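Coordinate inspection notes
Okay, here's what each chain looks like letter by letter:
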Amino acid sequence: MGTNQSDTFDIGEYTVHRLGFGAMRLCGEGIIGAPDDEEAARDVAREAVDLGVDFIDTADSYGPGTSERLLREAGVVDNALVATKGGLLRSHDGDWLPHGDPDYLENAALASIDRLGVDSIDLYQLHRPDPDTDFEASVTKLAELKDAGLVDNVGLSNVSVEQLETARDHVEVATVQNNYNLVNREHQDVLDACEGAGIGFIPYFPLGAGDLDEKAEAVDAVADAHDASRYQVALAWLLSSSDVTLPIPGTSSVEHLRENVAASGIELTDDDLARLSE
Ligand SMILES: NC(=O)c1ccc[n+]([C@@H]2O[C@H](COP(=O)([O-])OP(=O)(O)OC[C@H]3O[C@@H](n4cnc5c(N)ncnc54)[C@H](OP(=O)(O)O)[C@@H]3O)[C@@H](O)[C@H]2O)c1
C-alpha cells in the first residue's frame, strides 16, 4: 500500500496533504474514555504520520481528553497540523452537550494546549454552535484567542452558510467541518460556499461512519473497476469532488488506515464520477 499521494492545501501558514486522519476512533467505546489497548491506538496515530498524513483532526470532547492525550503521547503533534475543537461537553453516558460560553471556550482552549503539549493550537474549531449562547459571542472569543496567539487558525463545525458568513464578519475562517460523504450531501451548500471563498471543507463521516450501503451498487461497481474497496472509492470521490475538501477518515486499525491512505492514489474517471452521482 502506498503513502499519502493526495495534493496539498494551505491552512494559514501551514501546507498539508488533503487526505488527513480523524483521531476520534482512538478512544474507547462510544468515544468515552480510553481504548482497551492504548499502545495500539498510539501506533495507529504514528502509522498515519509515517504514511505521510500531516493533518490530524481531534477534539477535547473525544474521551473527553483521551484523543488529544494519545496524540501527544504518540509523538505525532510536532509532525502534523493537529486540528482540535472546543464547545462540546460530555456526560459519562456519552451525551454531547453544546457549551459555547466564551469563558468556557477560553478555558477549553487552554486545557487543549496543555494536553497537546503545544504553545498554540494549529487549528481551533468551534465544535457546534450552542443554541443557548449567542453565536457571535462564541466566534468573537475564537477571534480573541487567535489575536492572543493561543490559536493559529480558526475553524467552525456543524454550521450553515448563514452562520459561516456571520462568523467571517468577526474572524478569518480557515476551515469548516460538516457531515458530508457519498451518501449524505445535505451540506452541499456549505461546501460550495467554502469552495467559493477558498476555505477548507473538512467532510466528517467521510466513510459514512462505516456505512455506505445506501449507494452500495454504484460504489461496489466503481470499486471493482479499480480493484479497490468501497471505502477507498468514498475517499477518492471526496478528494475529486472539490479542491478544498480535506477528508479525515477515522479508524482504530492500522490495516484500515493503510487502506484509507492508499485511496489517495486512485484516480476516478468521469464515468465513475457520473455513476457515483446518480
Ligand atoms: N465535527 C463533528 O461534529 C464530528 C462528528 C463526527 C466525527 N468527526 C471527525 O470525523 C472523523 C471521521 O469520522 P468517523 O471516524 O466517525 O467516521 P468515518 O471516518 O466515516 O468512518 C469510521 C468508521 O469506519 C470504519 N472504517 C474506517 N476505515 C475502514 C476501512 N478501510 N474498512 C472498513 N471499515 C473502516 C471504522 O472502523 P475501524 O475502527 O474498525 O476501522 C469506523 O467505524 C472523526 O475521527 C472525527 O475526527 C467530527
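Residues numbered from 1 in each chain as written. Predicted model: local features only at pLDDT ≥ 70, side-chain atom pairs only at ≥ 80, totals over all residues.

1. Describing helix H7 (residues 216–225)
Buried within H7 are the following residues: Val-219, Val-222 and Ala-223. Projected onto a plane normal to the axis of H7, the buried residues spread over an arc of 105° and lie on a single side. Summarising the geometry of H7, the exposed residues directed more than 90 degrees from the buried face are Glu-217 and Asp-224. Buried residues along H7 sit against helix H8 (230–241) and helix H10 (270–277). Phi turns positive one or two residues past the end of H7, at Asp-227, with a value near 50°. (Buried ≥ 20, exposed ≤ 12 C-beta atoms within 10 Å, placed from the backbone. Helix = DSSP H or I, 4+ residues; strand = E, 2+ residues; numbered from the N terminus. Arc of directions from axis to C-beta. Contact = placed C-beta atoms within 7 Å.)

2. Side note on unusual backbone geometry
Geometrically, the link from Gly-63 to Pro-64 is a cis peptide bond, its omega value of -10° lying close to zero. As for its position among the elements, Pro-64 is in the loop between strand S4 (55–57) and helix H2 (66–74). Unlike most non-glycine residues, Phe-205 shows phi in positive territory, near 55°. Inspection of the secondary structure assignment puts Phe-205 in the loop between strand S11 (200–204) and H7. Overall, the presence of 20 C-beta atoms within 10 Å leaves Phe-205 in the buried class. A positive phi is found at Ala-209, a non-glycine position, where the angle reads about 55°. Given 14 C-beta atoms within a 10 Å radius, Ala-209 is considered partly exposed.

3. Details of the sheet that holds S4
Ordered in space as S3-S4-S5-S8-S9-S10-S11, the seven strands form an open sheet in which the pairing is parallel. Each edge of the sheet is formed by a strand with only one pairing partner; in this case those strands are strand S3 (21–22) and S11. (Pairing = 2+ DSSP bridges.)

4. Focus on the site of the ligand
Of all residues adjacent to the ligand, which total 26 residues, the nearest are Gly-22, Met-24, Leu-207, Gly-210 and Gly-250. Top contributing element to the shell around the ligand by residue count: helix H9 (residues 254–262), with three residues. Across the shell around the ligand, the residue classes tally to 10 nonpolar, 13 polar and three charged. (Near = placed C-beta within 6 Å. Nonpolar A, V, L, I, M, F, W, Y, C, P; charged D, E, K, R; others polar.)

5. Remarks on the UniProt feature "domain: NADP-dependent oxidoreductase" (unreviewed entry) in the protein chain
According to UniProt, the "domain: NADP-dependent oxidoreductase" (unreviewed entry) feature falls on residues 18–277. When the span residues 18–277 is considered, its composition is 41% helix and 14% strand, and the gap between its end C-alpha atoms is 22 Å. (UniProt positions renumbered as here; feature names shortened; annotations may be inferred.)

6. Notes on the environment of Ala-209
Topologically, Ala-209 is positioned in the loop between S11 and H7. Sequence separation between Ala-209 and Arg-69 is 140 residues, and the spatial gap between their C-alpha atoms is 23 Å.

7. Looking at the nonpolar core
Counting 84 residues, the largest nonpolar core has Ala-45, Ala-48, Val-53, Ile-56, Leu-71, Leu-142 and Ala-234 as its most contacted members. Once residues lying within four places of it in the same chain are set aside, the contact partners of Ala-48 are Phe-21, Val-53, Ile-56 and Leu-257. (Core = buried A, V, L, I, M, F, W, Y, C linked by C-beta atoms within 7 Å.)

8. Concerning the pairing of strand S1 (residues 8–11)
Burial of the side chains of S1 is restricted to one face: Phe-9 and Ile-11 are buried, whereas none of Thr-8 and Asp-10 on the reverse face is. In this sheet, strand S2 (residues 14–17) lies alongside S1 in antiparallel orientation, the contact comprising four bridges. Within S2, the position partnered with Thr-8 by the bridge is His-17. As consecutive antiparallel partners, S1 and S2 are separated by two residues, and within that stretch Gly-12 has a phi angle of approximately 55°, a positive value.

9. Some words on the packing of H7 against H10
Put simply, H7 and H10 touch, their axes get as near as 9 Å, and they point 165° apart. With respect to H10, the element H7 is oriented roughly antiparallel. Classified by chirality, the crossing of H10 by H7 is left-handed. Mapping the contact onto sequence places Ala-218, Val-219, Ala-221 and Val-222 in H7 and Asp-272, Arg-275 and Leu-276 in H10. A class-by-class count of the residues in the contact of H7 with H10 yields five nonpolar, no polar and two charged. (Axes fitted to C-alpha atoms, helices over the stretch in contact; angles between N-to-C directions. Parallel < 35°, antiparallel > 145°, perpendicular 65-115°, else oblique. Left-handed = near helix turned anticlockwise from the far one by under 90°.)

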